[in-house]
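Overview (structure and organization)
Single-letter residue listing:
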Amino acid sequence: MRPLRALLLLGLVAAALLAGLGRKNAEGVSAPQAFEPDLQIFKTAIDVIERHYVDPVTPTDLVRGALKGILGSLDPYSQFLDPRAHEDIKTETEGRFGGIGVEVT
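The structure contained in this document is the topic of the report that follows. (Residues numbered from 1 in each chain as written. Predicted model: local features only at pLDDT ≥ 70, side-chain atom pairs only at ≥ 80, totals over all residues. Heavy atoms only, no water.)

A few points about the environment of leucine 62
- On the secondary structure map, leucine 62 appears in helix α3 (residues 59–72).
- According to the relative accessible area criterion, leucine 62 is buried, its value standing at 18%.
- When neighbours within four sequence positions are excluded, leucine 62 is seen to be in contact with Ile46, Ile49, Glu50 and Val57. (Helix = DSSP H or I, 4+ residues; strand = E, 2+ residues; numbered from the N terminus. Buried < 20%, exposed > 50% of the residue type's maximum accessible area, 1.4 Å probe, protein only. Contact = heavy atoms within 4.5 Å.)

Have a look at this one:
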């Protein structure tokens, strides 16, 4: 089930990128071109971190951390949820859970 969610997320990202191909910003530059310099900085940073950071890191961890930072900087209500956190919040909001409902403190 997780590969299906990852594929769905990848599809949504690809669709968002394709939808932005024809749009232009205030300067008349298409969206992908406008982001290219910043994306190159991002790619370089990931490369340097992967090669020189004291502990091993995965590209997935770095990208998820970046997405958490991006969405967290927008407003107090936006946040990135990794697949595990997404499942947890779905369980809480849909009212489904396992166990007998006992909490030990």
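Quick notes on a nonpolar patch on the surface
- Together, Phe35, Leu39, Phe42, Val63, Leu67 and Ile70 line one region of the surface with nonpolar side chains, adding up to about 510 Å² of accessible area.
- If you list the elements that add at least two residues to the nonpolar patch, you get α2 (31–52) and α3.
- Tracing the backbone shows phenylalanine 42 in helix α2. (Patch = residues over 30% accessible without salt bridge, like charges linked within 9 Å, V, L, I, M, F, W, Y side chains within 5 Å. Areas by Shrake-Rupley, 256 points an atom, 1.4 Å probe, with all protein chains shown as cover. Salt bridge = Lys/Arg side-chain N within 4 Å of Asp/Glu carboxyl O.)

Digging into helix α4 (residues 83–94)
- The terminal C-alpha atoms of α4 lie 16 Å apart, and with 12 residues this matches the ideal 16 Å at 1.5 Å per residue to within 8%.
- Put simply, aspartate 82 is the residue that caps the front of α4, since its side-chain oxygen is 3.1 Å from the backbone nitrogen of arginine 84. (Expected span 1.5 Å × (residues − 1). Polar contact = N/O pair within 3.5 Å; in protein donor to acceptor, adjacent residues only side chain to side chain.)

Points about the pattern of salt bridges
- Applying the stated criterion across every chain yields a total of 3 salt bridges.
- Note that aspartate 88 and arginine 84 form a salt bridge whose closest N and O atoms lie 3.9 Å from each other. Here aspartate 88 pairs with arginine 84, and both are found in helix α4, just 4 residues apart, close to one helical turn.
- The partly exposed category is assigned to aspartate 88, whose relative accessible area is 38%.

That's the geometry; what it means functionally is another story.
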